[in-house]
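Notes for the structure review
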Amino acid sequence: MLAVLPCTLLAQEQTQTTREEYIDMYKGIAIAHMERYGIPASITLAQGILESSCGNSYLSRVSNNHFGIKCKRDWKGETVFHDDDAKGECFRKYDTVEESYLDHAEFLDKQPRYDSLFVYSSTDYKSWARGLKAAGYATAPDYADRLIRIIEENKLYLLDREDGNKLYAEAHGATSEEIETAVAADGIDPDSYRVTINAHRGYNVYRTNNVCYIIAKEGDRYEHLASLFMVSPKNLRRFNDVAKDAQPKKGDIVFIERKRKRWEGNSLLHTVRQNETLYSLSQSYGIRLKSLAKLNGVRTDCKLNNGQSIKIR
């Protein structure tokens, strides 16, 4: 992995991102990925801080690579060459930082050598840090200690807990308005950090709750979308819990496979915001509408109240 400099040193120049700024920019993505993959948000952020020097390192600036992930044989994307353990090593290059964060989650999720990490709770950051080092993520002998030190110095472990955004905001002296904003954001909205995982026939394909979906365009019809994604119009409407004569509107989430019966992340509850419906939550979280209604003992068309708690698993 990359040689890194403390963020506090880099922050001395005005153009450099500070550690606090870095955390504020990417903690939402880290929390969302914790919900989807089970990787502690504190670990993701600490690795990003360490590997990219808070986004200020040369590699992160030229390639958006915030985790020092090298090309490997299965990498088909763009590359950039940089001196690391050896001269001119091949590193992955991304269009956006968000893509780097997604690839980091997928990298840990899919590589067999990291399988043992997922037996640990998402609140057990120390075991995750030591497990990453033991699995060979980095060559630095004190890699685990450095991650733990970053997490504890910045109280990133608070983000791993339920109501993590609120706890973190309170611990860092946020104003009442900022805390209120953090509370609203703490119920994970899978659409807030939408990242393309693929593209097909002119549509970006996204994923939430391990279910793939697209965003409808102006003039789309289920019949046309069904032909593009090789499912029947009947099944496509069933995937999205809509009537047999319904058609999508521009901006609608359209699932191209069957939604889950419950949320597969760590959160148990969603706090209802203004104008949300059970149907909109079922689409946002990738949960079947009837399953969500049954989970909460309500009708599928029930009216939700602002601030109401809805079970999502």
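Now for a look at the structure at hand. Computed from a predicted model, the values in this text were never measured in an experiment.

Turning our eyes to something else, we now look at the pattern of salt bridges. Inspection of every chain in the model, using the stated rule, returns 11 salt bridges. Its salt-bridge partner being R221, residue E223 comes within 3.9 Å of it at the nearest N-O pair. Exposure remark for E223: the relative accessible area of 33% places this residue in the partly exposed category. If you follow the salt bridges from partner to partner, you end up with E106, K110 and R207 in one network.

Turning to unusual backbone geometry, a few remarks are in order. For N64, which is not a glycine, the phi torsion comes out positive at approximately 60°. Relative to the helices and strands, N64 is located in the loop between α4 (58–63) and β1 (79–82). Despite not being glycine, M230 has its phi angle at roughly 55°, a positive value. Mapped onto the elements, M230 comes out in the loop between α10 (222–228) and α11 (233–239).

Here we take up the sheet that holds strand β4 (residues 203–208). Here we have 4 strands laid out as an open sheet, ordered β3-β4-β5-β6, and antiparallel in their pairing. Looking at the sheet topology across the chains shown, the edges are occupied by β3 (198–200) and β6 (253–255). Averaged over all adjacent pairs, the angle separating strand axes in this sheet is 40°, with direction ignored. Summarising the sheet, strand β5 (residues 211–215) and β6 pair through 3 bridges and their orientation is antiparallel. When the sheet's bridge partners are listed, I214 is paired in β6 with V254. Packed onto the sheet, helix α12 (residues 278–285) meets β4 and β6 and runs at close to 60° relative to β6.

What follows concerns helix α5 (residues 97–110). The end-to-end C-alpha distance of α5 is 20 Å, a good match for the 20 Å that 14 residues give at a rise of 1.5 Å each. Taken across its 14 residues, α5 has 10 buried, putting it largely inside the fold. Residues of α5 that are buried: V97, S100, Y101, L102, D103, H104, A105, E106, F107 and L108. Among the structural elements, α2 (19–37), α3 (41–52), β2 (89–92), α6 (125–134) and β4 are those in contact with the buried residues of α5.

This part is about the environment of Q308. With respect to the helices and strands, the residue Q308 is situated in the loop between α13 (289–296) and β8 (309–311). Along the chain, Q308 and H270 lie 38 residues apart, while their C-alpha atoms are 8.2 Å from each other. Reaching out from Q308, the side chain makes a polar contact with the backbone nitrogen of N305 at a distance of 2.9 Å.

Next up on the list: a positive patch on the surface. On the surface, K234, R238, R258, K261, R262, K294 and R313 cluster together to form a positively charged patch. Structurally, the position occupied by K261 is in the loop between β6 and β7 (269–271).

With that settled, consider the state of the cysteines. Within this structure, the stated rule accounts for 1 disulfide. Between the sulfur atoms of C71 and its disulfide mate C90 the distance is 1.9 Å. Disulfide C71-C90: the torsion about the S-S bond is -75°, which places it as left-handed. Taken together, the residues span a long stretch of sequence, with C71 in the loop between α4 and β1 and C90 in strand β2 at a distance of 19 residues.

Turning next to the side chain of R288. Looking at where R288 falls in the secondary structure, it is placed in the loop between α12 and α13. Summary of buried charges: R288 has no salt-bridge partner, and the nearest side chain of opposite charge, D241, is 7.4 Å away. With residues near it in sequence (within four places) discarded, R288 still touches D241, R258, K259, R260, K261 and S282.

For soluble globular proteins, the rule of thumb is that nonpolar side chains tend to be buried together. Counting 44 residues, the largest nonpolar core has I43, L45, Y101, Y114, L132, Y137 and L156 as its most contacted members. Broken down by secondary-structure element, the contributors of at least two residues to this core are α2, α3, α5, α6 and α7 (143–153). The element best represented in this core is α2, accounting for 8 residues. In contact with I43, other than residues within four places in its own chain, are Y125, W128, A129, L132 and I151.

Thresholds, definitions, all that
- Every chain's residues receive numbers from 1 upward, in the order its sequence appears when written.
- Where local features are concerned, this predicted model is filtered to residues with pLDDT of at least 70; where side-chain atom pairs are given and counted, the filter is 80 or more; whole-chain, interface and lining totals use all residues.
- Hydrogens are left out, water is left out, and the side-chain values use all remaining heavy atoms of the structure.
- Whenever a carboxyl oxygen of Asp or Glu lies within 4 Å of a side-chain nitrogen of Lys or Arg, that contact is scored as a salt bridge.
- Classification of residues uses two cut-offs on accessible area relative to the type maximum, computed with a 1.4 Å probe and protein chains only: under 20% is buried, over 50% is exposed, and between them is partly exposed.
- Strands here are runs of E lasting at least two residues and helices are runs of H or I lasting at least four, both read from the DSSP assignment and numbered beginning at the N terminus.
- Pairs of strands are assigned from DSSP output, requiring at least two bridges between the strands.
- Inter-axis angles, ranging from 0 to 180 degrees, are taken between N-to-C directions of lines fitted to C-alpha atoms, where helices are fitted over the stretch in contact.
- Contacts are assigned to residue pairs with any non-hydrogen atoms lying within 4.5 Å of each other.
- Expected helix span is computed as 1.5 Å times (number of residues minus one).
- Identification of polar contacts relies on pairs of N or O atoms within 3.5 Å, with a donor-acceptor requirement for protein atoms, meaning one able to donate a hydrogen and the other able to accept it, and with residues adjacent in sequence counted only if both atoms are side-chain atoms.
- Patch membership requires more than 30% relative accessible area and the absence of a salt bridge. Residues of like charge join within 9 Å; the nonpolar side chains Val, Leu, Ile, Met, Phe, Trp and Tyr join within 5 Å.
- Surface accessibility in these figures is a Shrake-Rupley result with a 1.4 Å probe; residues are shielded only by whichever protein chains are displayed.
- In this tally, Lys and Arg are treated as positive and Asp and Glu as negative; His is ignored, and so are the chain termini.
- By convention, the point assigned to a charge is CZ for Arg, NZ for Lys, CD for Glu and CG for Asp.
- Note on disulfides: each one is a pair of cysteine sulfur atoms within 2.5 Å.
- Take the buried Ala, Val, Leu, Ile, Met, Phe, Trp, Tyr and Cys residues and link them wherever side-chain atoms come within 4.5 Å; each set so joined is a nonpolar core.

Purely spatial values, then, with no claim about function.
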